[in-house]
Amino acid sequence: MHNLHRFDIADRVVAASLAREKYLVVNANAHCVTLSQKETWLRDMFREADIAFCDGAGVQLATKFLKGFVPHRTTPPEWIDAVLERLGPEARVFWIGGAPEVVAKAAENFANRFNVVTVGTQHGYFDAHVDSAESQSLVARINESEPTLLLVNMGMPRQERWLWENWPHIRTGVAITAGALVDHAAERVSRPPRWVANLGVEWLVRLCREPGRLWRRYLLGLPAFGAHVIRYAIQMRLPQPSTGRS
């Protein structure tokens, strides 16, 4: 991961967008780290990303435990406003994910609020397999519309897998795995105060709001994440095998 403050992320995203660069921005929380222990493609995606930032208290605690420092933690809803305020009509935004009415409302709200240009929307209820007709049609639409910002909001790891599998075929744009940003932009959900995130209990707020969807991720996933951290700490302290070279 890159230890970047949210203001630094915003600066880099604005610069890449104005330069019409192809640029990949991803985030890591405890759920993502746990998935990456089995999904090698996810580790590859993070290695290749232009920005890979911390998006969870669990990752902060693990980094402190394993590496001795606390990385900055942020999430796209905390810095996307600053990006769009600076870009204004220079931003050509393509939205992916959410229910049809939600993604339409998100695009409308951001266009009205920041004067950005919406070049496309796609709800999240499509066949996301890389070789599906719907997925290939979506990539073609993206390339035809030439967005400077591609906001992918399909939940983890679906959004990461779709973006990584199609990344070689997407020609331009700053692509961001944005999670629930579409729901925030559509004003369907609100973020808790920042002090809640600073205390490391934002996951508990989300669990209380959506227990049916998130109980497995948090009640089973967080202990699994902790086990991976402990295993890695033990491996770090074991003597490394000799290579036989002097």
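Residues numbered from 1 in each chain as written. Predicted model: local features only at pLDDT ≥ 70, side-chain atom pairs only at ≥ 80, totals over all residues. Heavy atoms only, no water.

Student: Give me the packing of helix α1 (residues 6-18) against helix α5 (residues 76-87): which residues, what numbers.
Tutor: For any two helices packed against each other, one specifies the inter-axial angle together with the distance between the axes. As a packed pair, α1 and α5 sit with axes 9 Å apart at the nearest point and diverge in direction by 40°. In terms of their interaxial angle, α1 and α5 are classed as oblique. When the axes of α1 and α5 are compared, the crossing they make is right-handed. Seen from α1, the contacting residues are Arg6, Ile9, Ala10, Asp11, Val13, Val14, Ser17 and Leu18; seen from α5, they are Glu78, Trp79, Ala82, Val83, Arg86 and Leu87. Looking at side-chain class alone, the contact of α1 with α5 contains nine nonpolar, one polar and four charged residues. (Axes fitted to C-alpha atoms, helices over the stretch in contact; angles between N-to-C directions. Helix = DSSP H or I, 4+ residues; strand = E, 2+ residues; numbered from the N terminus. Parallel < 35°, antiparallel > 145°, perpendicular 65-115°, else oblique. Left-handed = near helix turned anticlockwise from the far one by under 90°. Contact = heavy atoms within 4.5 Å. Nonpolar A, V, L, I, M, F, W, Y, C, P; charged D, E, K, R; others polar.)

Student: Give a detailed account of the nonpolar core, specifying residues and quantitative values.
Tutor: Trp79, Val83, Leu84, Trp95, Leu149 and Ile176 are the most contacted members of the largest nonpolar core, which has 35 residues in total. No other element matches the six residues that helix α6 (residues 100-114) contributes to this core. Residues contacting Leu84, with those up to four places away along its chain left out, are Ala91, Val93, Phe110, Phe114, Val116 and Leu149. (Core = buried A, V, L, I, M, F, W, Y, C linked by side-chain atoms within 4.5 Å. Buried < 20%, exposed > 50% of the residue type's maximum accessible area, 1.4 Å probe, protein only.)

Student: Which residues make up unusual backbone geometry, and what are the values?
Tutor: Met156 connects to Pro157 through a cis peptide bond whose omega is 10°. Relative to the helices and strands, Pro157 resides in the loop between β5 (149-152) and α8 (158-166). In the Ramachandran plot, Glu146 falls in the positive-phi region, its phi being about 50° despite a non-glycine side chain. By the secondary structure assignment, Glu146 is in the loop between α7 (133-145) and β5.

Student: Which residues make up the environment of Ile80, and what values go with them?
Tutor: Structurally, the position occupied by Ile80 is in helix α5. Separated by 98 residues in the primary sequence, Ile80 and Ala178 place their C-alpha atoms 9.6 Å from one another. In contact with Ile80, not counting residues within four places along its chain, are Phe110, Leu151, Ile176 and Leu181.

Student: Any chance you could break down the sheet that holds β5 for me, citing the residues and the numbers?
Tutor: Read across the sheet, six strands follow the order β2-β1-β6-β5-β3-β4 without closing on themselves; strand pairing throughout is parallel. Two strands in the sheet have a free side with no partner beyond their single neighbour: β2 (51-54) and β4 (117-122). In this sheet, adjacent strand axes meet at a mean angle of 15° when their direction is disregarded. Examined bridge by bridge, strand β3 (residues 92-96) and β5 share four bridges and lie parallel to one another. Bridging across to β5, Trp95 finds its partner in Leu151. In this fold α1 packs onto β1 (22-28), β2, β5 and β6 (173-177), with an angle of close to 145° to the strand it touches most, β6. (Pairing = 2+ DSSP bridges.)

Student: Account for the side chain of Arg73, with residues named and values stated.
Tutor: Along the chain, the position of Arg73 falls in the loop between α4 (57-67) and α5. The class of Arg73 is buried, set by a relative accessible area of 8%.

Student: Pulling in residues and values, what's your account of α1?
Tutor: Counted at 1.5 Å a residue, the expected span for α1 with its 13 residues is 18 Å, and the 18 Å between its end C-alpha atoms agrees. Looking only at α1, the buried set comprises Ile9, Ala10, Val13, Val14, Ala16 and Ser17. Taken end-on, α1 shows its buried residues confined to a sector of 165°, consistent with a single buried face. For α1, the elements touching its buried residues are β1, β2, α5, β5 and β6. Remark: Arg20 follows α1 within two positions and exhibits a positive phi of approximately 55°. (Expected span 1.5 Å × (residues − 1). Arc of directions from axis to C-beta.)

Student: Describe the pattern of salt bridges, listing the residues and the values that go with them.
Tutor: Under the counting rule described, the total for this entry stands at seven salt bridges. Across the pair Arg161 and Glu39 runs a salt bridge whose closest N-O atoms are separated by 3.3 Å. One end of the pair, Arg161, is in helix α8; the other, Glu39, is in the loop between α2 (30-36) and α3 (40-48), with 122 residues separating them in the sequence. Judged by its relative accessible area of 33%, Arg161 falls in the partly exposed class. Each member of the salt-bridge network shares a partner with another, and the members are Glu39, Arg161 and Glu165. (Salt bridge = Lys/Arg side-chain N within 4 Å of Asp/Glu carboxyl O.)

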